[in-house]
Amino acid sequence: MGRNAEKKKTRRQPHSQEAPAGALASGEGAYEVDLTAPRRLVAGLELPPGIDEDGSLSRVLFRVTCLLSVRDRHGVPPANMHRVAAEVASIVQADTLSLLRLDSGDDLLPARLTLIGASGLASVDQGLVTFELGDGIAGQVAQRGQPICIEDAPRDPRFSRLYGQRTEIGSLLAVPLRFGTRVLGVVTASRREIRAFTAADQERLVVAAESIAQDLEQSRLLIDATTDPLTGLGSRMALLLALPREVEVARRYANDLSMVILDIDGLASINSEHGRAAGDRVLVECGRRLRGGLRAADLPVRLGADELAVILPMTPANNARGLAKRLVRALQEPIPGLDGVAVPFSVGVATLSGADEDALGFLWRCDAAVEQAKQEGGDRIVGAVVPRRGLD
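As the structure is a computational prediction, the values presented were derived from the model and not from experiment. (Residues numbered from 1 in each chain as written. Predicted model: local features only at pLDDT ≥ 70, side-chain atom pairs only at ≥ 80, totals over all residues. Heavy atoms only, no water.)

Remarks on the sheet that holds strand β7 (residues 130-132)
This is how the line gets drawn: Between any two strands, pairing holds if DSSP finds at least two bridges. Secondary structure elements are taken from DSSP: a helix is a run of H or I of four residues or more, a strand is a run of E of two residues or more, and numbering for both begins at the N terminus. Working convention: axes come from line fits to C-alpha atoms, limited for helices to the stretch in contact. Angles between N-to-C directions cover 0 to 180 degrees. Contacts are assigned to residue pairs that have any heavy atoms within 4.5 Å of one another.
The six strands are arranged β7-β6-β5-β10-β9-β8 in an open sheet whose pairing can be described as antiparallel. Of all the strands in the sheet, the pair left with one neighbour each is β7 and β8 (148-150). Ignoring which end each strand starts from, the neighbouring axes of this sheet average 20 degrees apart. Where strand β5 (residues 96-103) and strand β10 (residues 182-191) come together, six bridges link them in antiparallel fashion. Each bridged residue has a counterpart across the sheet, and for S98 the counterpart in β10 is T188. Sheet strands in contact with helix α3 (residues 78-91) are β5 and β6 (112-119), and its direction is about 75 degrees off that of β6.

Rendered as structure tokens:
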């Protein structure tokens, strides 16, 4: 019969069945899941009874959480979102699966669903997947916050094929990405066969969507808390969270750990003389240049209104001072659009000392070096004083 025939034999055949407990009938060929049905805990997740007897759903959701926990300053990398889509597609044996984010509108642009992850979708179709609220099945799900299952898409009046669409759709299942009462987006799954999805599939996809929404919201909150919105650098909180861990790692493996704090001298004068937009431009450009001069392991942050800082793992004192000089030279290059605006820096450099210095002591010692640089007239680099250890 050949390999293709064998694959057809192992693939689940399209079928329909009675709606299980926890699903409410909503017309021919569609179910609405009762989200208030009793649930049980499986691997820390509240799951409706009977949908994860073999633990496969929990395993998929664990992998999804791991993928969504990887993030950069822009959020979860697109490659990870596509991998998430592939994992979720396996839950309901979908031919295609799309993850859509709901972008809030404004006075000029309406709220819109945009594609952030896809599996099995034709490349040409990925550029077509965008919906306004109430537009298409996905737009209706986002607007109402309730799942929709289309058993026979070509014959269902609610389904309309996108112009130029190449992906064949026989059955469609769409559920909201909902966190609490807020709809963050929509998950849509499709198969080429008609009547392919069951009410149990819908419940499994609802649970997966709830898990994804929780992961995305937690990721957003963490990014908001640890990212400076103006410069895109880490925030003060990011430094305070990372520094104790870096100190512990340096202690355990006997590695050097250094820090550089750069205070922009006269930023207040730039704001008053050229406007706050000019001051913001200085900060944004400094942030961009700072990131460009560092390793991936280094952590650049905006420590205060006019202070930038960098944690430098595995960097001895002389290397840290050399890096500080190179960074200052790069940061003091003329800024486009601000000709004649000088941007001097008072810089403190510190390297972790004896075993009795903790993270805050390390930070305060570097900050004291910055203050000394300012007291000496600014526009200079000062090494932090190494604390003297008392005699026992």
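So, unusual backbone geometry
The cut-off we apply is this: The rule is simple: take the accessible area with a 1.4 Å probe, protein chains only, and divide by the maximum for that residue type; under 20% is buried, over 50% is exposed, in between is partly exposed.
Its identity is not glycine, yet Q93 carries a phi of approximately 50 degrees, on the positive side. Tracing the backbone through its elements, the reader meets Q93 in the loop between α3 and β5. The phi dihedral of R195 falls on the positive side, at around 50 degrees, and the residue is not glycine. Tracing the sequence through the fold places R195 in the loop between β10 and α6 (199-226). You can call R195 partly exposed: its relative accessible area is 38%.

Comments concerning helix α8 (residues 267-274)
For the α-helix, the turn length of 3.6 residues means that residues three or four positions removed from each other point alike. Heads up, the rule is: The arc in question is the one spanned by the directions pointing from the helix axis to the C-beta atoms.
Every buried residue of α8 is listed here: L267, I270 and N271. Viewed along the axis of α8, the buried residues span an arc of 100 degrees, placing them on a single side of the element. Away from the buried face of α8 by more than 90 degrees, exposed residues A268, S272 and E273 are located. Where the residues of α8 are buried, they touch β11 (257-264) and α9 (276-292). Two residues or fewer after α8 comes G275, characterised by a positive phi angle close to 95 degrees.

Considering the pairing of strand β9 (residues 171-179)
Extensive coverage of β9 is indicated by the burial of seven of its nine residues. Pairing between β8 and β9: three bridges, direction antiparallel. If you follow C149 over to β9, its bridge partner there is L173. Two elements, β9 and β10, share nine bridges in a ladder whose sense is antiparallel. Each residue of the ladder has a partner; that of F179, found in β10, is R182. Hairpin connection between β9 and β10: a loop of two residues separates the two successive antiparallel strands, and G180 in this loop has a positive phi of roughly 65 degrees.

Notes on the side chain of T226
Of note, T226 is situated in helix α6. Given a relative accessible area of 16%, T226 falls into the buried group.

Let's talk about the packing of helix α2 (residues 56-69) against α6
Where we set the bar: Here is the rule for angles: anything less than 35 degrees is roughly parallel, anything more than 145 is roughly antiparallel, 65 through 115 is roughly perpendicular, and the remaining ranges are oblique. Note: crossing handedness is left-handed where the near helix turns anticlockwise from the far helix by less than a right angle, and right-handed where it turns clockwise. Three classes are used: nonpolar for Ala, Val, Leu, Ile, Met, Phe, Trp, Tyr, Cys and Pro, charged for Asp, Glu, Lys and Arg, and polar for all others, with Gly counted as polar.
Where α2 meets α6, the axes come as close as 10 Å, and the angle between the chain directions of the two elements is 25 degrees. In this view, α2 runs roughly parallel relative to α6, as classed from their interaxial angle. When the axes of α2 and α6 are compared, the crossing they make is right-handed. Side by side, α2 and α6 meet where S56, L57, L61, V64, T65 and L68 of the first sit next to R204, V207, A208, S211, I212, D215, L216 and S219 of the second. Here the contact of α2 with α6 is built from residues that sort into eight nonpolar, four polar and two charged.

A closer look at the packing of α3 against α6
Taken N-terminus to C-terminus, the directions of α3 and α6 make an angle of 155 degrees; their axes are 10 Å apart at the nearest point. Here α3 is positioned roughly antiparallel relative to α6, judged by the angle of their axes. Seen from above, α3 lies across α6 with right-handed handedness. Here M81, V84, V88 and I91 of α3 lie close against α6, whose contacting residues are R204, L205, A208, I212 and L216. Here the residues of the contact of α3 with α6 are counted per class, giving eight nonpolar, no polar and one charged.

Section: the pattern of salt bridges
We apply this condition: What counts as a salt bridge is simple: a side-chain nitrogen of Lys or Arg found within 4 Å of a carboxyl oxygen of Asp or Glu.
Throughout the structure, instances matching the rule amount to 18 salt bridges. Between D152 and R155 there is a salt bridge whose closest N-O contact spans 3.6 Å. The partner of E285 in a salt bridge is R289, and the shortest N-O contact between them spans 2.9 Å. With E285 and R289 both in helix α9 and four residues apart, this pair spans about one turn of that helix. Beyond isolated ion pairs, a larger network of salt bridges with shared partners links R182, E217, R220 and D224.

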